[in-house]
Number of protein chains: 2
Amino acid sequence: MSGLRFFHDPASVAVIGASSDPEKIGGRPIRYLQECGFAGAIYPVNPQRSEIQGLVAYPSIDALPVVPEVAIIAVSGANAVAQIVRCAELGVAGCVIMASGFGETGDEQGLAWQAEMLDAAARTGMRIVGPNSQGLANFATGAVLSFSTLFTEQPPEDGAVAVVSQSGALCSVPYGLLREAGIGVRYAHATGNDIDVTAAELAAEVVADPEVKLLLLYLEDIADLDSLAEVARTALDRGVPVVALKGGRSEAGQRAAASHTGALATEEGVVDAFLEKHGIWRARSTRDLVAAAGLYLRPGRPAGEQIAIVSNSGAICVLTADAAAEEGLPVAELTVATKSELTEALPSFASVENPIDVTAALLTDSSLFGRVLPVLGRDGGVHGCVVGIPVAGRGYDVDRFARDVSDFEDSTGVPVVMAVPQSNIARVFREKGLVVFADESEAVRALAQYLRHHTLIARARSRELGRCALDSRLREPRTVLNESESLRLLESIGVPAVEHVLVHDAAEAAEAVEQLGGGPVVIKGCSSEATHKSELGLVRIGVPAGEAEAVVQQMFATLAREGLANEGAIIARMIKGVHEGMLGARFDPVFGPVVVIGAGGIHVEAMPDVQLLLPPFSLDDALAAIGRLRIAAVLGGVRGAPAVDLDAWAAAAVALGDAMLDPAAAIHELDVNPLMLLPRGGEVQPAVRAVDAVVIRSAH
Amino acid sequence: MSGLRFFHDPASVAVIGASSDPEKIGGRPIRYLQECGFAGAIYPVNPQRSEIQGLVAYPSIDALPVVPEVAIIAVSGANAVAQIVRCAELGVAGCVIMASGFGETGDEQGLAWQAEMLDAAARTGMRIVGPNSQGLANFATGAVLSFSTLFTEQPPEDGAVAVVSQSGALCSVPYGLLREAGIGVRYAHATGNDIDVTAAELAAEVVADPEVKLLLLYLEDIADLDSLAEVARTALDRGVPVVALKGGRSEAGQRAAASHTGALATEEGVVDAFLEKHGIWRARSTRDLVAAAGLYLRPGRPAGEQIAIVSNSGAICVLTADAAAEEGLPVAELTVATKSELTEALPSFASVENPIDVTAALLTDSSLFGRVLPVLGRDGGVHGCVVGIPVAGRGYDVDRFARDVSDFEDSTGVPVVMAVPQSNIARVFREKGLVVFADESEAVRALAQYLRHHTLIARARSRELGRCALDSRLREPRTVLNESESLRLLESIGVPAVEHVLVHDAAEAAEAVEQLGGGPVVIKGCSSEATHKSELGLVRIGVPAGEAEAVVQQMFATLAREGLANEGAIIARMIKGVHEGMLGARFDPVFGPVVVIGAGGIHVEAMPDVQLLLPPFSLDDALAAIGRLRIAAVLGGVRGAPAVDLDAWAAAAVALGDAMLDPAAAIHELDVNPLMLLPRGGEVQPAVRAVDAVVIRSAH
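Residues numbered from 1 in each chain as written. Chains lettered and ligands numbered in written order. Predicted model: local features only at pLDDT ≥ 70, side-chain atom pairs only at ≥ 80, totals over all residues. Heavy atoms only, no water.

### Topic: the sheet that holds strand E15 (residues 307-311) of chain A
Residues and elements named next belong to chain A. Spatial strand order, E16-E15-E17-E18-E19: five strands in an open sheet with parallel pairing. Of all strands in the sheet, those with a lone pairing partner are strand E16 (356-357) and strand E19 (435-437), marking the two edges. Pairing geometry for strand E18 (residues 416-419) and E19, over three bridges, is parallel. Opposite Ala419, over in E19, you have Phe437 as the bridge partner. Most of the contacts of helix H15 (residues 368-378) go to E15, to which it runs at about 170°, and overall it touches E15, E16 and strand E17 (384-388). (Pairing = 2+ DSSP bridges. Helix = DSSP H or I, 4+ residues; strand = E, 2+ residues; numbered from the N terminus. Contact = heavy atoms within 4.5 Å. Axes fitted to C-alpha atoms, helices over the stretch in contact; angles between N-to-C directions.)

Structure representation (structure tokens):
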């Protein structure tokens, strides 16, 4: 640990606004510090009292025998600000500000107070957590600088999980659920308004703790991307899975945007892309945040995503397979050797296909799990296992089942989730350290998260992580390029554009057509001021060579009539893709460059079929994104259509991503639609062509 | 109750294969009958014993003092068959056959034995449940003809829920979960192989019981549609919600089919359409099957689907709104009056928008729920409520919260679901009769099921339910109509087709073009033997009037060259839709007629965007199905395109549905693709035109 060590292991803690009542905000931290074995000095500060909870109390921070390393601010309003300023002046290293009523209210006074705190901190280097913070807790050192009531409800126990949250409730909930499940928690941080120290910054600190094996995050916004990227890098280095929950998915407002890309690359979509790129699993609910914790804490790492399903009920076998399909987990195809071993192990009427129904014979033959599971463990294609026991109880040797499943997990390293609806039976399996859910859908969902997250992690490991520095593009004025300039820019960055000639004189038209190898051609009036070219009659398709000059004259006349700058006429080769794709990019004020890849055509906004990518990304990343599109189903060639060249499309996306990272390219926003997708191995190489494009550039 | 009364309230029960061991299959029913207060006579049959579990035992069924009304068969194999035959001969009304090893094994002996049982039953009118049945249980009369171990694990209590399942495990699981939640269960039936009495037939019987308020079904196949339709009719009449779980969603094999419609109208899709039409909610997992039970058992019915969200955590407010969006539940827009009342009720810094964050002030002001909820109850736009309490415990007046929420529910009838992760806090709310989940996503999912199911029920009430009788179509030979015949058939049933003329002589071409108002026209070679017309060059678009004769000659030459029957040439008016739709139908061997409506074009199979409808259905049903298509987003007119005439499309679908019900129309399978969707209020009326069609007819 480095920059924020003092918050996790302070030599001394002052509690300003200390209370004798161990249930009050100013009282609880004192109680927790004492109960949790904090070894440093505790200084209650309260001008009304000489003793608080058995400790000497001081009238003011100035009266303390030493300058405390950390101060908890449990007083409010102007007094809080005055205390913080004094702490800074005295040389306190860090303050945890529990008081609320500041920036989160949105009122001017609160914001002014926050500015004052920040100012004092900036002058002296003091760091601030909060305000409006429930506080920080490190159960390894006993440094519990928090008033969370949950530490009373569910007594703490040091462990391998770190919880870092911007919300107090969303720190307490995972803490409570983990503790209720008997899982130890080392850190339980709730940061609040994050005016200085951010949740991500603290997360970067705790994920470096060698004892931490799992990090759970709750974020209200994803703002401190540098720290979050550091969290991801450290976590990937150390092999610590990170699960993040971020609310507001449904309210993601579409940006008021000048282009498709703006409307499609929504903030929530970018958050998804950012987290995925960094190997962080995005949970969808508080349940998802903790559901797979028991799996993550197991030793070993899964080797793939294929599962086996074993149950004493055929119906549960079928329902579990349904749940696996829903979560995108493949049910493993067993090897011939495995099936032949299963035939020996199972009753004659049981199925040796996966899912494996050991049948109700389990009641009379308690050895079935012990015989079947090891066989599955030897099948290299089984990376996870769901064991469903819908019915057990008197007459069943549940202890033996638990031993057999647990032995299997220990000896093979294959993770097992159990689906056991009877709570008394579930308890027996839990006591053996197994991960148990009440139903097959929950069990499969947790296993899917665990297995698929490790695939995500493996992919993220191969990436260079971190955000490109936000450059001056955001502040510079913007220029809309005309279509000819846009197509030229695309060519210059490595995105193939349709072959075309820009003419400024109708007399040049015939020569231009010849240069393109003859008609028919496409002719478009070119003006950076024209936004709806088709509607204005500025696009003509299939113009024969002989009519080119006349059409160019018409275009010029139209531009003049509409009062649009005449920037020439584009004469382009006719090109028709097998399918139409789109490619876009924008420079996001928070995330930097974002690339959009998807189905093209006139309905990209009404029926979007897109994926987002954060540069830099690889050809494989781009191909994977294309593979997730709905149109992927037809790109390989169906109904007599040839397969399109996916590599060419992916390469164009990578080129665009690289250009977005280059401040010199100065691309602010870019739309290519359609991007004609041409046959793999066909005449046109590379087999992808931008035929219409708009680029908005930062002027410089 | 009528036809199967004796299974639910028999005067006497014989147990053939009775056991003294109350844990054995032949012993458990005797124990349960005695423990559950069965008032009829119990006759253990076992040639080895004179007394079993305190009752006189008899050596054979023939030795009993009376002919028992019901017999449980707990012996196996050939002996079971012999006993069943004897029961039938003696006049036993019904047998419950627990023995397995019959049809479910798939082996010939098992199937032959089943046939023998059925035969004996048919001769005498005896009814058979099973074989391979866990048995039936009626806890109202104590007629527990079942060996389920769960009745030992979770002692029964009579209540308002009926569980009917084809699987033993999937009867025991919901029974156990309901009992663990303190909910009473009246019926717990597990039927097995259903060779005579089906699960649906028993369900139709129990759903008519005036005390039953909720029916949960587990079905392995949906075969007995007449009984299922009867279940639905009775349930709708009585206001009893029916929730069905059916496994095998993921394995739904695509039928080997001669048409798009065949491939698109998958068995599982038809099951969905059937259940939805009948107002039955389809659960996705065992959890879903029981999760909303507590809500269903409340008095009152919801008035809509809009919800309010209240929590003492802003983060939970946001996450709950996300979950609502995911489940398709609208978050209610509060009225001005409600907001103004909320302003009075809430702390100044709390939000009066829905979701409503009562803030951490709940700790110091325990009256907040009591003040806020009644205000929401007076807002007519709130049909359900989620209350999330992520943090509570010492210092919180949880009893008061529970009272306030419960009073709100009782006085307003607005259903409430709670999201409470701390199990000790959840218990307090449960004890007040509230429906509590551990997290917001589960709570919202259950509420969504409850509210949306009632919308489904309300729609189903307006429908005429039941299946059209399966007619002879399935057995008759089939004829593929050529395109001209297909289009004529469409016209005859009320699906508008493109205007066209069939010519048999090239010399008639010019006159035909004139008849259609002049060229250009579309010309197609017509042959019921041609399946890939385009690939063979049998389709020519944009043929000028002057070339029509030559093109027809070419078509005839092509037909001759390919050895295809020359059934003429179709000369059709050129027509281009704003969008392309599709319409299809097939006659399913189980469900009867199925209509498919969706996006048209060449990718209907690779990127399907379809909905299924079971005739008869209304214009509103068809419009609702169109509204669920992805292309619905563009049909109203985007990017300068006019809105298409959805009513015309829906009317064509209704006409097709009606024709499918008409045995005289004799349509076996039908594909219209594309169905051109034309502008609402445009020149062509009705604004929809089939331009290509294939009809497979039952010859008759």
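Next, the rest of the story.
### Description of the pairing of strand E28 (residues 667-677) of chain B
Residues and elements named next belong to chain B. Of all the 11 residues making up E28, 11 are buried; the element is thus mostly covered by neighbouring parts of the structure. Across seven bridges, the pairing between strand E25 (residues 579-588) and E28 is antiparallel. Counted as the bridge partner of Gly584 is Asp671 from E28. Relative to strand E30 (residues 693-698), E28 is paired through five bridges, and the arrangement is antiparallel. When the sheet's bridge partners are listed, Glu669 is paired in E30 with Ile696. Here E28 runs beside strand E29 (residues 688-690); their pairing, made up of three bridges, is antiparallel. Paired with Leu677 across the bridge in E29 is Val688. (Buried < 20%, exposed > 50% of the residue type's maximum accessible area, 1.4 Å probe, protein only.)

### Re the domain arrangement of chain A
One can read the domain layout of chain A as domain 1 (1-132), domain 2 (148-284), domain 3 (298-461), domain 4 (499-573) and domain 5 (579-698). In this structure, domain 3 of chain A and domain 5 of chain A have C-alpha centres spaced 41 Å apart. (Domains from an automatic or database assignment.)

### Quick look at the interface of chain A and chain B
Each partner contributes residues to the interface: chain A has 62 residues there, and chain B has 61 residues. For the pair chain A and chain B, the summed buried surface comes to about 5,000 Å²; carbon and sulfur atoms form 58% of the total. Scanning the region where chain A abuts chain B turns up four salt bridges. Arg394 of chain B is the salt-bridge partner of Glu23 of chain A, the closest N and O atoms lying 2.6 Å from each other. Along the contact surface separating chain A from chain B lie 18 residue pairs in polar contact (both at pLDDT 80 or more). Mapped onto the side of chain A that touches chain B, the elements with two or more residues apiece are helix H5 (150-153), helix H6 (169-180), strand E13 (242-246), helix H11 (286-291), helix H13 (314-327), helix H17 (423-431), helix H18 (440-461) and helix H24 (632-635) of chain A. (Buried area = accessible area lost by both parts, 1.4 Å probe. Salt bridge = Lys/Arg side-chain N within 4 Å of Asp/Glu carboxyl O. Polar contact = N/O pair within 3.5 Å; in protein donor to acceptor, adjacent residues only side chain to side chain.)

### Here we look at the relation of the copies chain A and chain B
Least-squares fitting of chain A to chain B yields an RMSD of 0.1 Å, with the superposition described by an axial translation of 0.0 Å and a rotation of 180°. Taken together, the rotation and translation describe the operation of a two-fold axis. Rotation axis and chain A: the residue whose C-alpha lies nearest the axis is Glu442 of chain A, separated from it by 5.3 Å. In this assembly, 98% of the residues forming the interface of chain A have copies in chain B that are likewise at the interface, indicating an isologous arrangement. (Least-squares fit on C-alpha atoms with pLDDT ≥ 70 in both.)

### Focus on the UniProt feature "domain: CoA-binding" (unreviewed entry) in chain A
The sites that carry the UniProt feature "domain: CoA-binding" (unreviewed entry) are, in the present numbering, residues 6-102 of chain A. Annotated as residues 6-102 of chain A, this span is 26% helix and 23% strand, and its ends, taken at the C-alpha atoms, are 24 Å apart. (UniProt positions renumbered as here; feature names shortened; annotations may be inferred.)

### Looking at the packing of helix H15 (residues 368-378) of chain B against helix H16 (residues 398-412) of chain B
Residues and elements named next belong to chain B. The interhelical angle for the contact between H15 and H16, taken along N-to-C directions, is 15°, at an axis separation of 9 Å. By the angle between their axes, H15 is roughly parallel relative to H16. The element H15 and its partner H16 pack so that their crossing is right-handed. Here Phe369, Gly370, Leu373, Pro374 and Gly377 of H15 lie close against H16, whose contacting residues are Phe401, Asp404, Val405, Phe408 and Thr412. Looking at side-chain class alone, the contact of H15 with H16 contains six nonpolar, three polar and one charged residues. (Parallel < 35°, antiparallel > 145°, perpendicular 65-115°, else oblique. Left-handed = near helix turned anticlockwise from the far one by under 90°. Nonpolar A, V, L, I, M, F, W, Y, C, P; charged D, E, K, R; others polar.)

### Description of helix H19 (residues 483-493) of chain B
All names here are of chain B. Residues Glu483, Ser484, Ser486, Leu487, Leu489, Leu490 and Ile493 constitute the buried set of H19. For H19, the N-terminal capping position is held by Asn482, with its side-chain oxygen 3.0 Å away from the main-chain nitrogen of Ser484. Count one or two residues on from H19 and you reach Gly494, which has phi positive near 100°.

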